[in-house]
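Observations on the three-dimensional arrangement
These are the residues of each chain, in order.
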Amino acid sequence: YRIWVDHSGVLDSNEPCEAREEAKPLLWDKPTPITMFPDGDKDFFTFTLERPTQVDLVLTSLPSALVPLIELQDSQGKKLPFPETWDANSIVLSTRIATAGKYYFVFQDRNNRSSKDSFLLLAHRTESEPDPNEPNDSSKTATALTTGKEIRPSLFPHNDVDWYSV
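Residues numbered from 1 in each chain as written. Predicted model: local features only at pLDDT ≥ 70, side-chain atom pairs only at ≥ 80, totals over all residues. Heavy atoms only, no water.

1. A few points about the pattern of salt bridges
- What the rule picks out here adds up to 2 salt bridges.
- For Glu127, the salt bridge goes to Arg51, with nearest N and O atoms at 3.4 Å. On the criterion of sequence distance, the pair formed by Glu127 in strand E10 (residues 119-127) and Arg51 in the loop between strand E3 (42-49) and strand E4 (53-60) is long-range, its members being 76 residues apart.
- Across the pair Asp109 and Arg113 runs a salt bridge whose closest N-O atoms are separated by 3.7 Å.
- Classification of Asp109 as buried rests on a relative accessible area of 3%. (Salt bridge = Lys/Arg side-chain N within 4 Å of Asp/Glu carboxyl O. Helix = DSSP H or I, 4+ residues; strand = E, 2+ residues; numbered from the N terminus. Buried < 20%, exposed > 50% of the residue type's maximum accessible area, 1.4 Å probe, protein only.)

2. Describing the side chain of Gln73
- Relative to the elements of secondary structure, Gln73 occurs in strand E5 (residues 68-73).
- For Gln73, a relative accessible area of 10% corresponds to the buried category.
- A polar contact is formed between the side chain of Gln73 and the side chain of Arg20, at a distance of 2.8 Å.
- Residues contacting Gln73, with those up to four places away along its chain left out, are Arg20, Phe44, Lys78, Lys79, Leu80, Tyr103, Tyr104 and Val106. (Polar contact = N/O pair within 3.5 Å; in protein donor to acceptor, adjacent residues only side chain to side chain. Contact = heavy atoms within 4.5 Å.)

3. Re the pairing of strand E8 (residues 90-97)
- Pairing of E4 with E8 involves 8 bridges; the strand directions are antiparallel. Bridge pairing in E8 places Val58 opposite Val92.
- Note that strand E7 (residues 84-86) and E8 share 3 bridges and pair antiparallel. Pairing of Glu84 across the sheet is with Leu93, part of E8. (Pairing = 2+ DSSP bridges.)

4. Concerning the sheet that holds strand E1 (residues 24-25)
- An order of E1-E3-E9-E5-E6 is seen for the 5 strands of this open sheet, with the pairing classed as mixed. Edge strands, defined here as strands with exactly one partner in the open sheet, are E1 and strand E6 (79-80).
- Alignment of E5 against E6, held across 2 bridges, turns out to be antiparallel. Paired with Leu72 across the bridge in E6 is Leu80.

In structure tokens:
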């Protein structure tokens, strides 16, 4: 008798990356293919920031079988807000991260489905210069304004409050 085994597996250069401990380094400004296979697959990527940074992700070539769910987590695993915008062919996610440290992106399908087709991730970052007026978040730490001296205030992060005194 004969036994024939046929397996059409998926070659994913990012695996293993199923947990935070196996997270792959996020590549900035270089397209990275991501494959969500098998069902229930999660892929973890990590990055470290030295200063406040605008982080943008663009996902393109999305397989029709997938509805990606992307989470941004801090070093403790706390989920952070990460607004997303969808169009017919891509997902764009953008946020400003105010605190230096280690972070993670987690990719999975909202319905735990899979696809042997990859999608592309393009990650970009824009670092912000530290605000020389900080801390000035209260009347006690207000930055003094003087006649004839120009200042360039910065509101960062999104809930930053700046106080000035005359």
